[in-house]
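Take a look at the letters that make up each chain.
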Amino acid sequence: MEEKLMSQKKPAFPVNDRFNRYLQKYNRNTKIPVFYDDLLRFSGSVVVYDQHDEDTFWVRCYYPEFERVEIDNSLKKVYTILHSDGSDDSLNYLNVDAIDYCTFGNSKPFRIKVRNILNDSFTYFYVKKADASRLYGLEFEHLLSPHRINFLVYKDTLIEEHIAGIPGDVFIEDHLPKCDLRAQTQIAKQFVKFNERCTVRLLGDMRSYNYVVIPTHDFDHVEYQIRAIDFDQQCFEGNLKVYRPQFFKENFLMVQLVSDKLENSSIEQYRKEERSLLAKRMINTQSRYKELIRCMINDHVSTKDNVKQLRNELYSFSKDMKFKRASTMGQILRTALDFVKRNYENVNTQRMLD
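Computed from a prediction, not measured in an experiment: that's the story for all the values here. (Residues numbered from 1 in each chain as written. Predicted model: local features only at pLDDT ≥ 70, side-chain atom pairs only at ≥ 80, totals over all residues. Heavy atoms only, no water.)

Student: Hey, could you go over the overall build of the protein chain for me, with residue numbers and the actual values?
Tutor: For the protein chain, the helix and strand inventory stands at 12 helices and 10 strands. On C-alpha atoms alone, the protein chain measures out to a radius of gyration of 21 Å, which is about the 20 Å that the 2.2 N^0.38 rule sets for 354 residues. Judged by the C-alpha coordinates and their principal axes, the protein chain covers about 70 × 50 × 45 Å. Relative to its 354 residues, the protein chain shows a buried fraction of 49%. Of all intrachain contacts in the protein chain linking residues separated by at least 6 positions in sequence, the fraction that spans at least 24 positions is 69%. Taken together, the 53 basic and 51 acidic charged side chains of the protein chain have centroids lying 8 Å from each other. (Helix = DSSP H or I, 4+ residues; strand = E, 2+ residues; numbered from the N terminus. Rg over C-alpha atoms; globule rule 2.2 N^0.38 Å. Buried < 20%, exposed > 50% of the residue type's maximum accessible area, 1.4 Å probe, protein only. Contact = heavy atoms within 4.5 Å. Lys, Arg positive; Asp, Glu negative; His and termini not counted. Charge placed at Lys NZ, Arg CZ, Asp CG, Glu CD.)

Student: Mind laying out helix α1 (residues 17–25), listing which residues take part and the relevant values?
Tutor: Those residues of α1 that sit buried are F19, Y22 and L23. Here the buried residues of α1 occupy an arc of 95° about the axis, which is enough to place them on one side. Seen from the open side of α1, the exposed residues pointing more than 90 degrees away from its buried face are D17, R21 and K25. With a side-chain oxygen lying 3.3 Å from the backbone nitrogen of R18, the N-terminal cap of α1 falls on N16. N27 sits one or two residues past α1 and shows a positive phi near 60°. (Arc of directions from axis to C-beta. Polar contact = N/O pair within 3.5 Å; in protein donor to acceptor, adjacent residues only side chain to side chain.)

Student: Quick rundown of a positive patch on the surface? Include the residues and the values.
Tutor: A surface patch of positive charge is lined by R18, R21, K290, R294, K322, R325 and R334. Of all the elements in the fold, those that place two or more residues in the positive patch are α1 and α9 (286–297). (Patch = residues over 30% accessible without salt bridge, like charges linked within 9 Å, V, L, I, M, F, W, Y side chains within 5 Å. Areas by Shrake-Rupley, 256 points an atom, 1.4 Å probe, with all protein chains shown as cover. Salt bridge = Lys/Arg side-chain N within 4 Å of Asp/Glu carboxyl O.)

Student: Hey, could you go over the sheet that holds strand β9 (residues 211–217) for me, with residue numbers and the actual values?
Tutor: The strand order across the open sheet built from 3 strands is β8-β9-β10, with neighbouring strands paired in antiparallel fashion. The open sheet has two edge strands, β8 (166–167) and β10 (222–228), and neither has a second partner. In this structure, β8 lies alongside β9, joined through 2 bridges in antiparallel fashion. Residue pairing across strands places P167 opposite V212, the latter belonging to β9. (Pairing = 2+ DSSP bridges.)

Student: Can you break down the packing of helix α6 (residues 181–200) against helix α7 (residues 252–261) residue by residue, with the values?
Tutor: Two elements in contact, α6 and α7, have axes separated by 9 Å at closest approach and are oriented at 115°. When the axis of α6 is compared with that of α7, the two are roughly perpendicular. Crossing handedness for the pair α6 and α7: left-handed. Within the contact between the two elements, α6 uses L181, Q184, T185, I187, A188, F191 and V192 and α7 uses M254, V255, L257, V258 and K261. Broken down by class, the residue content of the contact of α6 with α7 amounts to 9 nonpolar, 2 polar and 1 charged. (Axes fitted to C-alpha atoms, helices over the stretch in contact; angles between N-to-C directions. Parallel < 35°, antiparallel > 145°, perpendicular 65-115°, else oblique. Left-handed = near helix turned anticlockwise from the far one by under 90°. Nonpolar A, V, L, I, M, F, W, Y, C, P; charged D, E, K, R; others polar.)

Student: I'd love a proper account of the packing of aromatic side chains, names of residues and values included.
Tutor: Scanning the model with the defined rule gives 14 aromatic pairs in all. Judged by centre distance (5.8 Å) and plane angle (25°), the ring pair of F35 and Y154 falls under stacked. Taken together, the residues span a long stretch of sequence, with F35 in the loop between α1 and α2 (36–39) and Y154 in strand β6 (residues 151–154) at a distance of 119 residues. Relative to Y126, the ring of W58 has its centre 6.3 Å away and its plane inclined at 45°; by these criteria the two rings are tilted. Of this pair, W58 sits in strand β2 (residues 55–62) while Y126 sits in strand β5 (residues 122–129), and the two are 68 residues apart along the sequence. Of the residues examined, W58 reaches a relative accessible area of 12% and is grouped as buried. When its relative accessible area of 13% is taken as the criterion, Y126 is described as buried. Each member of the aromatic cluster is reached from another via a ring pair, and the members are Y36, F42, Y63, Y101 and F110. Over the aromatic face of W58 sits the side chain of R111, whose NZ or CZ is 4.1 Å from the ring centroid. (Phe/Tyr/Trp six-rings, centres within 6.5 Å; stacked < 30°, edge-to-face > 60°. Lys NZ or Arg CZ within 6 Å of the ring centre and 35° of its normal.)

So this is what it looks like as structure tokens:
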């Protein structure tokens, strides 16, 4: 019988004053003209299907005519705040082509499609309920991953940029079987690094539909990266396996690929590489990282039972007594990241002495 990894539906956590001041300091907190609840006032919807005529779990929303004009103008303004200087100069050249609502998952986001009518190029952004754990996830992604991410929060509403890529489940089913041996080996390497990154920074629930695979064409081959797109499960669950993508059945073919294409020594090398990069990013963003982790240490983004379970599992895994003394998820995360940083600094010091 398959082990059930996720214990319960995750609640939303409010953004406290200290974290709110942090977000203001780093220009994440910006006044916007539309709220999540405003978009819930749609009067009808139709199901959105993919190219294979399968339900995408998104519905396209329709609004009363007297509200649609105001909503469209507000969303275009949000787009300019997110991607530009927030001025009204380009509003006449923008059009809101679609407002879609997701019926699946915790965050129930709205996906907004904005098109430039001068050249027909378009992009997306998302409107979600502001949740402290998701905001911590976004900030840690920005500071500790290879990728930068842009988002805004105002009161109870989160505006999040679209992360382009091939959804993991689509990639595994449609693209992976067509990859040559070189590409498969590179994808296996990237999954090992992605798995390590999520585990160390305690980003959970990386089932295949919660990350994207990004192919980049070099002059003689294609490079691949794997990037998280859902940050809802930052430091909530107590089960350590939730923070390790390798344990989700949706990722079985990726795990099998790693087993088939990589030697154990290579797997350990790639894990070490990713931990070293995480340590370097902590050092390079030291001031901001310390402010963020202090916010989380003094916040509550999980249950007492989950905190107790996770600290015990991490102590059993690492034998680091600091995990046993942790009373919040922030303290657990700091201990995990400090462990990685300390090991990196010790190795570097030893190499210099040698």
